[in-house]
Amino acid sequence: MVNNRKLFIFATPAIPVLNAPTLHALMVKRDPPSLAENYIKNNSNPCQKQDIMGSIVSDSSPFLFPFIVEYSLIGAAVLYVMWKNIGKDPVFAESSEDGLSRASSVQTLPKMNCAGSSKGLFFGLLVLVIATICLIVFFVLIENEHYSLLAIFLSDVSHSAIMVLTLFTIGIGFFRIQRLKFQADRTDHLRDILLTVAAYGLYVYAMFGIIAGTLSPKDYVPNLLVMVTSCLTIVQVTLQSLFVAEITCRTTYLPEHDQTKPGRQVVAFLMMGNLTLWIIYTFEMQKAEASPVQLGFYGFMAWTVIVRATLPLSIFYRFHSSITFAEVWKNSYKNVAA
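Residues numbered from 1 in each chain as written. Predicted model: local features only at pLDDT ≥ 70, side-chain atom pairs only at ≥ 80, totals over all residues. Heavy atoms only, no water.

1. A closer look at the UniProt feature "transmembrane region" (unreviewed entry) in the chain
Per the UniProt annotation, the sites labelled "transmembrane region" (unreviewed entry) are residues 63–83, 121–142, 148–172, 193–212, 224–245, 266–283 and 295–317. Taken as a whole, residues 224–245 contains 100% helix and 0% strand, while its terminal C-alpha atoms sit 32 Å from one another. Helix makes up 96% of residues 295–317 and strand 0%, whereas the separation of the span's terminal C-alpha atoms amounts to 23 Å. (UniProt positions renumbered as here; feature names shortened; annotations may be inferred. Helix = DSSP H or I, 4+ residues; strand = E, 2+ residues; numbered from the N terminus.)

Written as structure tokens, this is what we have:
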């Protein structure tokens, strides 16, 4: 017996297959603009990669590069001084009485104060504030092509003004420190090596500026400013190096020096002045737009090589000079009557 079975065929509607363009069009029509943009962004970049740190590294590399050179210079100088002093003046084990006497002498060291340096610190901070304002204005104006010349003019004039002030202060300092006692055994070979090598970089950087400013047309004001600033830099570095070599070997020795502190105002101002120049060299001179005269005279590639070779030493000279003046301010003006 055959069972008659009815076959029922259910007709299901055909499901349309949406391709990528159709799906994209539907989402653009139905979703808000923000969702559509996210959809396009995610499809174009499946890994959702965000380029955040790339620009930070490239923008900060010119400012971080000088620290590599400075660290290498300090390391080489320290190793040289260690090699030179190996075996000299050996230190033997001391007795307990010597150790106690030395500990007691360390505990009785006189305390330092800011006497005789308030005016120098005040005017130094004033110069630092004005230079910082000029630096901010420079970064604002240099981005606008209509005011780029004004930014360069402001940069060179402020730089030259600081040089003139420090030169005037160094001249006064040479007369003031003659009242202090000269001690030849206070020399520091490590400091002398670091300042000498760093000053060489400043000399080379300034000489290239003099060449570019001298051989360029004199009727263009920035050319004249570059030449004047570079000449002032060479004179200032020379006199400051001589002043550092002189002041580091002098100290107070009369009871009246506890009140007068001859030359301490000068040391305080030069400390702040070199700190100001260090900030200018670190943040302003790194930009190629800050040296349009040299850039146009030597070309981009040649001037970039010159800056990368000499500017780190220039930055280090200003920083180490500021540290040296801080040490002089602290150690050379201890109270005699204490």
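Structure's up, so let's keep going.
2. Notes on the confidence of the model for the chain
Mean pLDDT over the chain stands at 76; residues scoring 70 or higher make up 69%. The weakest mean pLDDT in the chain belongs to helix H4 (residues 96–107) at 49; the strongest belongs to helix H8 (residues 221–247) at 90. Every residue in residues 5–12 is under pLDDT 50, and counting partners more than four places away or in other chains gives zero contacts. Segment residues 103–109: pLDDT under 50, and zero contacts once partners within four positions in sequence are set aside and those in other chains are kept. (pLDDT = per-residue confidence, 0-100. Contact = heavy atoms within 4.5 Å.)

3. As for the packing of aromatic side chains
A full pass over the atoms with the stated rule returns nine aromatic pairs. Measuring from centroid to centroid gives 5.6 Å for Phe208 and Tyr298, while their planes differ by 80°, and the two rings are edge-to-face. Separated by 90 residues along the polypeptide, Phe208 in helix H7 (residues 189–215) and Tyr298 in helix H11 (residues 292–298) bring together distant segments of the chain. The exposure class of Phe208 is partly exposed, given its relative accessible area of 26%. (Phe/Tyr/Trp six-rings, centres within 6.5 Å; stacked < 30°, edge-to-face > 60°. Buried < 20%, exposed > 50% of the residue type's maximum accessible area, 1.4 Å probe, protein only.)

4. With respect to the packing of helix H6 (residues 148–176) against helix H10 (residues 264–283)
For any two helices packed against each other, the geometry is given by the interaxial angle and the distance between the axes. Where H6 contacts H10, the two axes come as close as 10 Å, and the packing angle between them is 155°. By the angle between their directions, the pair H6 and H10 is classed as roughly antiparallel. Regarding H6 and H10, the two cross each other, and that crossing is left-handed. Residues His159, Ile162, Met163, Leu165, Thr166, Thr169, Ile170, Ile172 and Gly173 of H6 form the contact with H10, whose own contacting residues are Val266, Phe269, Leu270, Thr276, Leu277, Ile280 and Tyr281. Looking at the contact of H6 with H10 residue by residue, the classes come out as 11 nonpolar, five polar and no charged. (Axes fitted to C-alpha atoms, helices over the stretch in contact; angles between N-to-C directions. Parallel < 35°, antiparallel > 145°, perpendicular 65-115°, else oblique. Left-handed = near helix turned anticlockwise from the far one by under 90°. Nonpolar A, V, L, I, M, F, W, Y, C, P; charged D, E, K, R; others polar.)

5. A closer look at H10
Because an α-helix completes one turn every 3.6 residues, residues spaced three or four positions apart along the sequence face the same direction. The terminal C-alpha atoms of H10 lie 29 Å apart, and with 20 residues this matches the ideal 28 Å at 1.5 Å per residue to within 8%. Among the 20 residues that make up H10, 16 are buried, leaving the element largely enclosed by the rest of the structure. (Expected span 1.5 Å × (residues − 1).)

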